[in-house]
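Chain by chain, the residues:
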Amino acid sequence: MNKKITITDIIDKKKAKIPITMLTAYDYPTALLVDEAGIDIILVGDSLAMVVLGYQDTVSISIDEMLHHVKAVTRVAQHSLVIGDMPFGSYNISVKEAVANAVLFMKEGRVSGVKLEGGTEMSPVIEAIVKAGIPVQGHIGLTPQTIAALGGFKVQGKSANAAKKLIEDAKAIEDAGCFSIVLEAIPAQISKKITESVSVPTIGIGAGADCDGQVLVLHDMIGLFDRFTPKFVRQYASISKIISAAIKEYKDDVENKKFPQEKHSFVMSDKELKKL
Ligand code: KIV
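Note that the coordinates shown come from a computational prediction; the quantities given were computed from them, not determined experimentally.

**Q** Before we go on, may I ask you to explain the site of the ligand in this structure?
**A** Taken together, Thr-24, Leu-43, Gly-45, Asp-46, Ser-47, Asp-85, Lys-115, His-139, Val-182, Glu-184, Ile-205 and Val-217 make up all the residues around the ligand. Asp-46 places a side-chain nitrogen or oxygen 2.9 Å from an oxygen atom of the ligand. Relative to its free-state accessible area of 260 Å², the ligand is covered by the protein chains to the extent of 95%. Because more than half of its atoms lie within 2 Å of the grid, the ligand is assigned to the largest pocket.

Spelled out as structure tokens, the structure:
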């Protein structure tokens, strides 16, 4: 499992029609599990803000908070390609700042590429980052960083006009140099059209089965985020219940003097003890 996945491997998977797997991870233990499972791409997503750091949305998270977690993931990932999600404000102010911040993700975070949200309007930014030698993954459809402008967590591209705009966006960011594109919360028929009209892989989340790959937020799919579970998530485990039961059992054991037992304790020899 040790061969490191490259950007070329991801692009080749689309050509070979082999589905691409992507999951988020944010720290050493989650990255280790995802990497060892052989997932193609680990996204250190800014969903970190909500599922780990307790923010209400993804807008507030800073580049330093992102980098802190990115570094933990890149320290451990041997196999998966690691992509760092650029947080809101780190690429929206100027092209120059966007390139400088993407460079930080590469130099300090040691990622293999960055992801950023936005369509046609982000093309100049994507082009400049790619020119600096940094692979970029695009993200269109429901873009949580601009939720205020979108009017909430809503499915995007439901009208013919909105769908046309999404197809144009996908082509524009492909032309700007994206090596793949995340499609979030888009009708399945539109994701299929986008997937057929671009040469780079599409990775869907709530975008149907016809994308070139799929991504989920790890904490959603293992049942470790309690606030809400989007319709598009399949929960493969209920980890919160297991953790909660273990914590309650520990509390009971301590309160009832069942823990620690002799096997969890250290002992001094009787000879030494007598000298006390
Ligand atoms: O931040 C994130 O986890 C993401 C995925 C939902 C694609 O952007």
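**Q** I tried to follow the domain arrangement of the chain on my own but got confused; where do I start?
**A** Interfaces are often sized by the accessible area lost when the parts come together. Each assigned domain of the chain is listed here: domain 1 (7-238) and domain 2 (243-274). Computed from C-alpha atoms alone, the centre-to-centre distance between domain 1 and domain 2 is 45 Å.

**Q** Sorry, what's going on with helix α5 (residues 95-107) here?
**A** Note: α-helices contain 3.6 residues per turn, so residues at a spacing of three or four share the same orientation. The end-to-end C-alpha distance of α5 is 18 Å, a good match for the 18 Å that 13 residues give at a rise of 1.5 Å each. Listing the buried residues of α5 in full gives Ala-98, Val-99, Asn-101, Ala-102 and Phe-105. Along the long axis of α5, the arc covered by the buried residues comes to 165°, so they all point the same way. Exposed positions of α5 whose direction lies more than 90 degrees from the buried face are Lys-96 and Lys-107. Where α5 is buried, its residues meet α4 (63-76), β3 (81-85), β4 (113-115) and α6 (123-131).

Criteria and thresholds
- Residues numbered from 1 in each chain as written.
- Predicted model: local features only at pLDDT ≥ 70, side-chain atom pairs only at ≥ 80, totals over all residues.
- Heavy atoms only, no water.
- Near = heavy atom within 4 Å.
- Polar contact = N/O pair within 3.5 Å; in protein donor to acceptor, adjacent residues only side chain to side chain.
- Areas by Shrake-Rupley, 256 points an atom, 1.4 Å probe, with all protein chains shown as cover.
- 1 Å grid on protein atoms, 1.4 Å probe; cavity = no way out; pocket = protein on both sides within 12 Å on 5 of 7 lines; lining within 4 Å.
- Sits in = over half its atoms within 2 Å of the grid points.
- Domains from an automatic or database assignment.
- Helix = DSSP H or I, 4+ residues; strand = E, 2+ residues; numbered from the N terminus.
- Expected span 1.5 Å × (residues − 1).
- Buried < 20%, exposed > 50% of the residue type's maximum accessible area, 1.4 Å probe, protein only.
- Arc of directions from axis to C-beta.
- Contact = heavy atoms within 4.5 Å.

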